[in-house]
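Listed below are the residues making up each chain.
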Amino acid sequence: MGQSIWKPLVLMFVLILLFDLFYNMVARQGGEQQAEITYSRFREELALDNIRKVTIRGTAIKGEFRKKITLTETVQGKVSSREAATFGTVLPAIDDATLMADLMAKKVELTAISTETSQFATILIYILPWVLIMGIWWLAMRGAKGQGPGAMLGGFAKSGAKMYSSAEKIDVTFEDVAGMENPKQELKEVVEFLKDPKKFQRIGGKVPKGILLVGPPGTGKTLLARAVAGEAGVAFFSISASQFIEMFVGVGASRVRDLFTNAKKAAPSIVFIDELDAVGRSRGAGFGGGHDEREQTLNQLLSEMDGFDPHEEVIVLAATNRPDVLDPALLRPGRFDRHVVIDRPDWRDREQILRVHTRKISLDKDVDLAVIARGTPGMTGADLESLVNEAAILAARENAQAVTMGHLERAKDKILMGGERKMFISEHEKRITAYHEAGHALVAKLLPGTDPVHKVTILPRGMALGVTQQLPEDDRYHYPKTYLLNRLCVALGGRAAERLAFDDISTGAQSDLKMVNDLTEKMVCQWGMSEKIGAMTFSRGEEHPFLGRKLAEEKTFSEEMAWLIDQEISAIIKEAEDKAAGLIAANRAKLDALAAALLEEETLDGKRVDEILAGA
Ligand code: ADP
Ligand code: ZN
C-alpha cells in the first residue's frame, strides 16, 4: 500500500495548484496593461482628474485611468515606454486623511472589497482536512482489502489467497543443494513416493504426511523443499506462515483452506510452509495478546492435515528455526511427526556451497575455496551466497577479468566485520585504537587454546574503530570453560592495554564489555560454570523464545541467590581483567611493537603478528 496512498495525495496537490492558478488568472483579468505605480503618482493623477475608478481591498488599490498614461522604464539599460490603462498601488501605512475627500471631489467611482475570507473559502478550509482524512482512510481500507477476507467488498479474499497458492514450476534439484547429505538421504524416500505413489503403496511403505525442517535461517530449508519438488517433478505450493497473519480475522484460515484445496487438485504435490512458528506457536501462551487470528489459522492447518486420506499424495513440508515453541498438537503423529534437522554447514559443506554458487562466476586460478570455507565458521548457505556475490561485485568494480582470492577475502571481511568506513580520525585516537587492538591481539597470542588471530586492523569497520578478528581452526560445537575464560581475557585485553599505555580508559571498550557481561552471565546462569553456585541453571540471561531477546521475567530464585549470582559474575570478570592486565604489563615491549606496527601498517594478518611478536 506504501505507494498507492501517495498517488491521490499528489493528485490532490496538483488540483489545488491548478485551482490557485485559475483563480489568479480570473482575478487578474484585464490586468494586462496594468501598471504598478507609486502612491504619489496615483495622487498626482488624481489631482489631474485622470482617475475613473478605484477598488480598494485592504491596503491594495486598483483602478482605471480616464486617459491612458505613458510609463517609461529602464530594462537592462534600455529605455522603453509603454501605455497603461489600469494601475495598481498600495495604500501607505500612514493614514491619508484627505484621500476620501479627494476621491469624492473628483467623482471617482469607488468600490471597497472586504478583506475577510469569503464564506466559500471558510467552508473549504473547514472541510478540506476531513475530506483528506476520509480519503486516506478509505484508501487504507481498500489497500487492506486487497488481501482481506472480502467481507465488505467481496471477491478480494479469493484472489489474495490464489496469488500465494498457485503451483510453481521448480527446476531446482538435489544437485543445487550442496552438502546436507543426511537431510537429503531422509528426503529421498519422499521423492520416491511422489514419483510413483502406486508402487510405493504396493510395497506397503508408510510415508509421513508432514515433515518439519528444523534449522537456523539461511541454512537452505526452502531450497531443500524446492529441491524435493524438483527431484520428484511435482507441483510445489508455498506460503510463509507470517503471511497468514493478516489484519482481518479469518483470512489465514481461508488461505490455508485454499492452499490445501489447490494442492489436492494438483496431487501429487508438495505444500511448503515457511516460518511455521509464526502460526504454530503454543496456543494460549498468552504472549502477543492471545492472537485469535493465529489460533484460527493453526486450527485450520491441523484440521487440513488430519483431513487427508492416507493415500492422498500431498506432502506437507514446513520450516522453522524454533521447534521448541511449536504447539505440541502440531507434532503429534499424523501431523509433523518427522523432523529433519539442518545444521549450519561445516567447512566441508561450506566449500561445496561455495562451489555451487561460484559455478557461473569466472574464478582466478589461484582461488582456493577450501581456505575461504575454513575462514567462515558459523556462516550459513545464504551468507556464503552473499559472500560470493559481494566478491563478484568487487571484481566488477575493478574491471577485473576474474574473481581472485583477494576479492573473496575482502568480501569475507566485509560480511564478518562490517564494511570499511571512511572517517577522519585524529592521530591520538588512532594511537588509542592501536593500543586497544594490540591488547586484544597480544592476550590472544599469549594465552594457550584461544582461537588463532586472523587479522588486526585499526581501519574503522562497521560500528567499531578497529577490529581484532580471531577465527577458530575448525567448527566448534562445545565450549570448555577454560576456553570461555580465555575469551573473557582477550576481550578485556583492549581495555587493559589502554590503561597501561595511557593510564586512562576510553569508551572504545563498550562492546567488549557488553560481550563480556553477556558471556559471563550465561556461564554462571546457564552453563553452571561457577564453583560457588554449581550445577544450577536460572532463567536469568536467557533470551526470550519468541522475541530472541532478553525480557524482564519473573524471577524463580531467591534474593540471596540473585546476590550470589551478581557476586560470581563480577568475580569472574574481575579475575579475567586482572589476568589480562598482568599479561600485558609483563609483555609491554611486545605491546608497543604491535601498536607501532598497527599505526604504521593499519592492518596486520596473523602471520605478520607472529613476525612482530617474534622480533620484539
Ligand atoms: P532458509 O529457508 O533455511 O532460511 P533458504 O533456503 O532461503 O534458507 O536459503 C537462502 C539461500 O542460501 C538459498 O537461496 C541458497 O542460494 C543459499 N543456500 C543455503 N544453503 C545452501 C546449500 N546447502 N547449497 C547451496 N545454496 C544454499
Ligand atoms: Zn575491543
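Residues numbered from 1 in each chain as written. Chains lettered and ligands numbered in written order. Predicted model: local features only at pLDDT ≥ 70, side-chain atom pairs only at ≥ 80, totals over all residues. Heavy atoms only, no water.

Participant: Would you explain the overall build of the protein chain in this entry?
Facilitator: Helix and strand content of the protein chain: 22 helices and 13 strands. Relative to its 616 residues, the protein chain shows a buried fraction of 40%. Excluding contacts between residues fewer than 6 apart, the proportion of contacts in the protein chain whose partners are at least 24 apart in sequence is 72%. Element-wise, carbon and sulfur atoms account for 55% of the exposed surface of the protein chain, whose accessible area totals about 34,400 Å². (Helix = DSSP H or I, 4+ residues; strand = E, 2+ residues; numbered from the N terminus. Buried < 20%, exposed > 50% of the residue type's maximum accessible area, 1.4 Å probe, protein only. Contact = heavy atoms within 4.5 Å. Areas by Shrake-Rupley, 256 points an atom, 1.4 Å probe, with all protein chains shown as cover.)

Participant: Please clarify how the sheet that holds strand S12 (residues 467-470) should be interpreted in this entry.
Facilitator: Strand pairing in a sheet relies on backbone hydrogen bonds, with the paired strands running either antiparallel or parallel. Pairing within the open sheet is antiparallel, and its 3 strands lie in the order S12-S11-S13. The open sheet has two edge strands, S12 and strand S13 (603-605), and neither has a second partner. On average, each strand axis in the sheet is tilted by 10° relative to the strand beside it, whichever way the strands run. Inspection of the sheet shows strand S11 (residues 453-457) paired to S12 by 4 bridges, in the antiparallel sense. Each residue of the ladder has a partner; that of Val-453, found in S12, is Gln-470. Taken strand by strand, helix H21 (residues 588-601) contacts S11 and S13, and its axis lies near 120° from that of S13. (Pairing = 2+ DSSP bridges. Axes fitted to C-alpha atoms, helices over the stretch in contact; angles between N-to-C directions.)

Participant: Help me understand the coordination of the zinc ion (ligand 2) in this model?
Facilitator: Coordination angles at a metal have ideal targets, namely 109.5 degrees for four tetrahedral donors and 90 or 180 degrees for six octahedral donors. Taken together, His-436 (NE2), His-440 (NE2) and Asp-512 (OD) make up the full set of protein donors to the zinc ion (ligand 2), lying 2.0 to 2.1 Å away. Counting residues between consecutive donors of the zinc ion (ligand 2) along the chain gives the motif H-x3-H-x71-D. With a gap of 76 residues between them, His-436 in helix H17 (residues 427-446) and Asp-512 in helix H19 (residues 510-525) connect regions that are remote in the sequence. (Donors = N, O, S within 2.8 Å, 3.2 Å for Na, K, Ca; no water.)

Participant: Looking at this model, I keep getting lost on the sheet that holds strand S7 (residues 235-240). Mind explaining?
Facilitator: Within the open sheet, the 5 strands sit side by side as S7-S8-S9-S6-S10. Their pairing is parallel. Bordering the open sheet on either side are S7 and strand S10 (338-341), each of which pairs with just one other strand. Across the sheet, the mean angle separating the axes of adjacent strands is 20° when strand polarity is ignored. In the sheet, S7 pairs with strand S8 (residues 269-274) via 6 bridges, with the strands oriented parallel. Paired with Ser-238 across the strands is Phe-272, a residue of S8.

Participant: Which parts of the structure should I look at to understand the site of ligand 1?
Facilitator: Close to ligand 1 lie 17 residues; Gly-218, Lys-221, Thr-222, His-357 and Glu-385 are nearest. Within the contact set of ligand 1, an oxygen atom lies 3.1 Å away from a backbone nitrogen or oxygen of Gly-220. Thr-222 is positioned such that a nitrogen or oxygen atom in its side chain is 2.5 Å from an oxygen atom of ligand 1. Sorting the residues of the shell around ligand 1 by element identifies helix H8 (221-232), helix H13 (347-357) and helix H15 (381-397) as the ones contributing at least two each. Residues belonging to the shell around ligand 1 are distributed by class as follows: 8 nonpolar, 6 polar and 3 charged. Each of domain 2 (155-341) and domain 3 (347-417) gives at least three residues to the shell around ligand 1. (Near = heavy atom within 4 Å. Polar contact = N/O pair within 3.5 Å; in protein donor to acceptor, adjacent residues only side chain to side chain. Nonpolar A, V, L, I, M, F, W, Y, C, P; charged D, E, K, R; others polar. Domains from an automatic or database assignment.)

Participant: What's the story with the packing of aromatic side chains in this structure? I'm lost.
Facilitator: The relation between two aromatic rings is expressed through the spacing of the ring centres and the mutual angle of the planes. Under the defined criterion, the tally for this structure stands at 7 aromatic pairs. Aromatic pair Tyr-39 and Phe-42: ring centres 5.7 Å apart, planes at 45°, arrangement tilted. Remark: Phe-42 and Tyr-39 occur in helix H2 (residues 39-47); sequence separation between them is 3 residues, near one turn of the helix. Its relative accessible area of 15% is what places Tyr-39 among the buried residues. What makes Phe-42 buried here is its relative accessible area of 0%. A connected cluster of aromatic rings, assembled from ring pairs, spans Tyr-39, Phe-42, Phe-65 and Phe-87. (Phe/Tyr/Trp six-rings, centres within 6.5 Å; stacked < 30°, edge-to-face > 60°.)

Participant: Looking at this structure, I do not really get the side chain of Thr-520. What am I missing?
Facilitator: Of note, Thr-520 is situated in helix H19. With residues near it in sequence (within four places) discarded, Thr-520 still touches Leu-488, Ile-569, Ile-572 and Ile-573.

Participant: So what exactly am I meant to see when it comes to a nonpolar patch on the surface here?
Facilitator: Together, Leu-11, Val-14, Leu-15 and Leu-18 make up a nonpolar patch on the protein surface, roughly 390 Å² of accessible area in all. Inspection of the secondary structure puts Leu-15 in helix H1 (residues 6-27). The exposed category is assigned to Leu-15, whose relative accessible area is 53%. (Patch = residues over 30% accessible without salt bridge, like charges linked within 9 Å, V, L, I, M, F, W, Y side chains within 5 Å. Salt bridge = Lys/Arg side-chain N within 4 Å of Asp/Glu carboxyl O.)

Participant: What's the story with the pattern of salt bridges in this structure? I'm lost.
Facilitator: Between side chains of opposite charge, pairing is possible as soon as their charged atoms come close. In this structure the tally under the stated criterion is 26 salt bridges. Between Glu-577 and Arg-495 there is a salt bridge, with its nearest N and O atoms 3.2 Å apart. Of the two residues, Glu-577 sits in helix H20 (residues 559-586) while Arg-495 sits in helix H18 (residues 481-502), which places them 82 residues apart along the sequence. Residues Glu-577 and Arg-495 agree in their burial class; the two are buried. A relative accessible area of 18% places Glu-577 in the buried class. The network of salt bridges with shared partners includes Arg-43, Asp-96 and Asp-102.

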